[in-house]
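Residue-level structural notes
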Number of protein chains: 2
Amino acid sequence: MAERIRCKAVLDRVMTADQAAMLIEDGMTVAVSGFTPSGNPKAVPLALAEQVRSGQRKVRVNLLSGASTGPEIDNTWAELDMIARRVPYITSTALRKAVNGASEQGVAYLDQHLGMTAQNARYGFYGPIDVAVVEAVAITEEGNIIPSTAVGCTQTYVALAKKVIVEVNSIQPEGLEGFHDIYMPADPPHREPIPLTRVDQRIGKPYITCGADKIAAVVECSLSVNPRPLAPADAVSQAIADNIVAFLKAEKAAGRLSAGDVPLQSGVGSVANAVLMGLEKAGFEHLTFFSEVIQDGVIRLLDAGCADMASATSLSMSHEGMMHFKENLESYRGRIVLRDSEISNGAETIRRLGVIAMNTAVEADIYGNINSSQMNGTTIYNGIGGSGDYARNASVTIFMTASSAKGGKISSIVPMVTHVDHTEHDVDVLVTEQGYADLRGKSPKERAALIIENCAHPDFRPQLRRYFGRACEASHGAQTPHILDEAFSFHKRFRETGTMLEPNE
Amino acid sequence: MAERIRCKAVLDRVMTADQAAMLIEDGMTVAVSGFTPSGNPKAVPLALAEQVRSGQRKVRVNLLSGASTGPEIDNTWAELDMIARRVPYITSTALRKAVNGASEQGVAYLDQHLGMTAQNARYGFYGPIDVAVVEAVAITEEGNIIPSTAVGCTQTYVALAKKVIVEVNSIQPEGLEGFHDIYMPADPPHREPIPLTRVDQRIGKPYITCGADKIAAVVECSLSVNPRPLAPADAVSQAIADNIVAFLKAEKAAGRLSAGDVPLQSGVGSVANAVLMGLEKAGFEHLTFFSEVIQDGVIRLLDAGCADMASATSLSMSHEGMMHFKENLESYRGRIVLRDSEISNGAETIRRLGVIAMNTAVEADIYGNINSSQMNGTTIYNGIGGSGDYARNASVTIFMTASSAKGGKISSIVPMVTHVDHTEHDVDVLVTEQGYADLRGKSPKERAALIIENCAHPDFRPQLRRYFGRACEASHGAQTPHILDEAFSFHKRFRETGTMLEPNE
């Protein structure tokens, strides 16, 4: 461990997780490293939870992170009702229940664009940060921090926090040093252009600037990570992936920007992995990625020589993927770079590079508005995450969803979405297993025809056509025909009868 | 006129507007210079309309512009049903009626973020551009174009068009030469950082690059402009302005970014003008503007020495304002710069500079979603314009609206907006004449309480409180409580009874 804690000045602050957890007090604002279940601290959060569980202390805090966290924080703390406010994203089941009403004391959850969290923290929108807890693979001689498998907002949180607790986790490979590129922009009016013009370019430092003085505690640990399980692609996912690949091939044939010309942003999950495999099969070459997360499929494309480079803010792989990465770590040096989420999800960088964005919708409406977060406009699932950062700034914005859910009882294409995360102004292409609708340059009424015929499930097409037809009549051909009394009729029918299908279908 | 048409190679292409209009054929895609009723060509569009009106020709085209146009194009052409497709924005009454169903042949209107129009045109999303028609104050020796009072997407349209028609308008002051800063970014993967770091910085050329070869026609004209009338601020507008100024003063006092530290983006109209006057009165100094349009109020602040600098893509003033500007033109040289709308409305530039954005909402809901374009989710008024470019990238995003409309019969604060142009994720502050709600860092339920109590009209507060209370109960405290069956009940009541007020109020 001595070679990981290289800063002599902090050696007197090495302590147990239990001791370090005592630095976190009730009512504080705590910020943690990491992004998704990757790179977050584990020992101190678990120790704190144990202090609360055992009745030793009462601690309830405001929690900031890069995105969601591993179960050691969001899930464990939510089960003990230890989270009063939460920014910017969640995926934990326990925390989801808590923000949707299960918490006795209530959790104020601000669901926010992940690319703006660091900036908004610096602008003072969340108030002062009391403690930052950071997972590291090492502390440098000067007291700076080498992060582990994710960056997120850690540099900003360390810069703003009054005290920093560093967890040096010996499970995380020390060889990750050199994979990070840390760049925190100055704030207006002194901000300069972010100099990034290529996915493989380094613009910052390989460590998070901290300094020994700010480090209040160093905790040694060797807690293993809790990676995402990787679901295999089913037939529907595969068909969605095939349609996306077909679109990208058509773009290439038309001489427009496509995969291989500009970087791809690809979300998490089985569809995303299937798209990647499809691109390889279709003969795309020299792929690059400018994403939030690097998941198993990206690693496989790097291995196959089909992809040249991947930039992200987080390594978020399955257990098998992570083992493979660790074993072959040196082969990825220079081909993987981990950046601050402010850069990976930055409006400036995404628009400049011309990223093609692929994200998942919960439901889409016939005019191209996307709900990516809330059931019945009311109950939040995860949140908007980084999808809005990419959707708003990509060269081409693709949203994908299975055309139906719950065994065909729910149509993912509805007259009007019950919550809008991405507006009609930002959605270029909608893809389901049925096909794709290219919405670029189209008016709302043209989009409706395309979405119903190309994307909706055939079972729901007749009733969608009828709604659209009657809305056009009722509105005398207005820009975006709607019958407000029936805009949510699909949702109502499901609630009342258990299916969105009309009885005569 | 000889000193305005300095390029000898185009002298043989000087012709009448009627002759030049013959270059525009049925089915073509036509792109015009300008942004708002400013800087658009006039003689050729009017001549073309006359050819159609007289029955000499049948011409129906796809029309691209920077934003809306003066009445010579949108209004005149819409009255003759000459527009088949329209991108990206409208304000004309005749065209509004046409896109909402009055056109016999239908108008496909794509309502789009103004900062993305040029890029999307270059990406090929609207197909090839046949003719660009450009208003100029002069043509340089090399055949380049000095635009008039607006830039918009003109550089991109000229670069993409097969033929260019230049209208040299002797009414527009030749002294405008030197006010423009034309910069068209390269497209990915070759795009470099936009080097702009200060509002007063010049990064491009004082002319639109064209070349004599591309100029198919030069038309001399002296048609006067049709500026916007300027409405005086009524008591409600003044109260909204006072509340915005109060917010900005509170920001300054709290040590956060405020007016004078970072540039302001300010929309068009009487509220915007009242805000500017309020800032002067409140003692703000060294104001700068990074906006789409420069209107009368900005000129007055420059005159008063309270503002240092204004950057925009359009001079869009009242008749009196424009007369005053022309008479004192030299005093504004170096203090006003006119940029491409891709730069004035750019994600990169707005976020870097930390612009504070102030835009108008048609309606807002209790959770902070904003409708800025569509009545009953159906009938479009103008469009999203540039509001999304600023809202998504500003350091602080402010939306304003009067709390009620139609003599108190419509509440601008509703349970759910019928169309979302700006999502809850992008709205920082909501302002009405009743007060302001600071939504930063707040969860949806916290926002609802603030918006109802601080922003809604007192007449509507009881029924908004009841909706919110019952929705909280029905959803058992979920993230964003809604009762879908009643989400549009305010709109339904207005339709059925002529007022949104509940009978027992």
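Residues numbered from 1 in each chain as written. Chains lettered and ligands numbered in written order. Predicted model: local features only at pLDDT ≥ 70, side-chain atom pairs only at ≥ 80, totals over all residues. Heavy atoms only, no water.

1. What to know about the nonpolar core
Soluble globular proteins tend to pack their nonpolar side chains together in the buried interior. Counting residues in each nonpolar core, the largest one holds 158 residues, and the members touching the most others are Leu287(A), Phe325(A), Leu287(B) and Phe325(B). Setting aside residues up to four positions removed in sequence, Phe325(B) forms contacts with Leu176(B), Phe179(B), Ile299(B), Leu315(B), Met317(B), Tyr332(B) and Ile336(B). Counting 67 residues, the second largest nonpolar core, distinct from the first, contains Ile451(A), Ala487(A), Phe488(A) and Ile410(B). (Core = buried A, V, L, I, M, F, W, Y, C linked by side-chain atoms within 4.5 Å. Buried < 20%, exposed > 50% of the residue type's maximum accessible area, 1.4 Å probe, protein only. Contact = heavy atoms within 4.5 Å.)

2. Concerning the sheet that holds strand β25 (residues 413–414) of chain B
In sheet architecture, strand pairing relies on hydrogen bonds along the backbone and comes in two forms, parallel and antiparallel. Residues and elements named next belong to chain B. Reading across from one edge, β19-β18-β25 is the order of the three strands in this open sheet, with mixed pairing throughout. The open sheet is flanked by β19 (370–371) and β25, the only strands paired with a single partner. Bridge analysis of strand β18 (residues 363–365) against β25 gives two bridges, and the strand direction is parallel. The residue of β25 that forms the bridge with Ala-364 is Ile-413. (Pairing = 2+ DSSP bridges. Helix = DSSP H or I, 4+ residues; strand = E, 2+ residues; numbered from the N terminus.)

3. Notes on unusual backbone geometry
Residues and elements named next belong to chain B. Put simply, Val-87 and Pro-88 share a cis peptide bond, and its omega is 5 degrees. Look at the link from Pro-188 to Pro-189: it is a cis peptide, with omega at 5 degrees. Residue Lys-406 is not a glycine yet carries a positive backbone phi of 50 degrees. Within the secondary structure layout, Lys-406 lies in the loop between β23 (404–405) and β24 (410–411).

4. Quick look at the interface of chain B and chain A
Counting residues at the interface gives 81 residues for chain B and 81 residues for chain A. Carbon and sulfur atoms supply 52% of the area that chain B and chain A bury against each other, a total of about 6400 Å² over both sides. Among the residues chain B hides against chain A, the three largest losses belong to Arg392(B), His425(B) and Leu484(B). Together they make up 11% of the total. Counting the contacts that link chain B with chain A gives eight salt bridges. Residue Asp389(A) pairs with Arg392(B) through a salt bridge whose shortest N-O separation is 3.0 Å. (Buried area = accessible area lost by both parts, 1.4 Å probe. Salt bridge = Lys/Arg side-chain N within 4 Å of Asp/Glu carboxyl O.)

5. Observations regarding the pattern of salt bridges
Residues and elements named next belong to chain A. A full pass over the atoms with the stated rule returns 64 salt bridges over all chains. In this structure, the salt-bridge partner of Asp-426 is Arg-392, at a minimum N-O distance of 3.7 Å. With Asp-426 in the loop between β25 (413–414) and β26 (429–432) and Arg-392 in helix α14 (residues 387–393), this pair connects stretches of sequence that are 34 residues apart. Each member of the pair, Asp-426 as well as Arg-392, carries the same accessibility label: buried.

6. Considerations on the domain arrangement of chain A
Residues and elements named next belong to chain A. For chain A, the domain assignment lists domain 1 (8–221) and domain 2 (235–460). Taking the mean C-alpha position of each, domain 1 and domain 2 sit 27 Å from one another. In this complex, domain 1 contributes 50 residues to the contact, which on the side of domain 2 involves 44 residues. Of the roughly 3600 Å² buried where domain 1 meets domain 2, counting both sides, 57% is carbon and sulfur surface. Along the contact surface separating domain 1 from domain 2 lie two salt bridges. The salt bridge involving Glu-342 is made with Arg-122; its shortest N-O contact spans 2.7 Å. (Domains from an automatic or database assignment.)

7. So, the packing of aromatic side chains
Scanning the model with the defined rule gives eleven aromatic pairs over all chains in all. Joined through ring pairs, the aromatic side chains of Phe179(A), Phe325(A) and Tyr332(A) make up one cluster. A cation over an aromatic ring shows up here: Arg96(A) above the ring of Tyr381(A), its NZ or CZ 3.9 Å from the ring centre. The residue whose ring lies beneath Arg440(A) is Phe125(B), and the NZ or CZ to ring-centre distance is 4.5 Å. (Phe/Tyr/Trp six-rings, centres within 6.5 Å; stacked < 30°, edge-to-face > 60°. Lys NZ or Arg CZ within 6 Å of the ring centre and 35° of its normal.)

8. A closer look at the environment of Ile356(A)
Residues and elements named next belong to chain A. Structurally, Ile-356 is set in strand β17 (residues 356–360). Spatially, the C-alpha atoms of Ile-356 and Tyr-390 are 8.2 Å apart, while their sequence positions differ by 34 residues. Apart from the residues lying within four places of it in its own chain, the contact partners of Ile-356 are Leu-248, Leu-257, Ser-258, Ala-259, Val-262, Pro-263, Leu-264, Gln-265, Ser-395, Val-396 and Ile-398.

9. Observations concerning a nonpolar patch on the surface
Residues and elements named next belong to chain A. Among the surface-exposed residues, Val-362, Met-375 and Tyr-381 lie close enough to one another that they form a single nonpolar patch of about 240 Å² accessible area. Within the secondary structure, Tyr-381 sits in the loop between β21 (379–380) and α14. Accessibility expressed as a relative area gives 42% for Tyr-381, which makes it partly exposed. (Patch = residues over 30% accessible without salt bridge, like charges linked within 9 Å, V, L, I, M, F, W, Y side chains within 5 Å. Areas by Shrake-Rupley, 256 points an atom, 1.4 Å probe, with all protein chains shown as cover.)

10. Points about the packing of helix α15 (residues 444–454) of chain A against helix α16 (residues 461–474) of chain A
Residues and elements named next belong to chain A. Two elements in contact, α15 and α16, have axes whose closest approach is 9 Å; the angle formed by their N-to-C orientations is 165 degrees. In terms of orientation, α15 and α16 fall into the roughly antiparallel class. The way α15 lies across α16 gives a crossing that is left-handed. Contacts between α15 and α16 pair Lys-445, Ala-448, Ile-452, Glu-453 and Asn-454 from the former with Arg-461, Leu-464, Arg-465, Phe-468 and Cys-472 from the latter. (Axes fitted to C-alpha atoms, helices over the stretch in contact; angles between N-to-C directions. Parallel < 35°, antiparallel > 145°, perpendicular 65-115°, else oblique. Left-handed = near helix turned anticlockwise from the far one by under 90°.)

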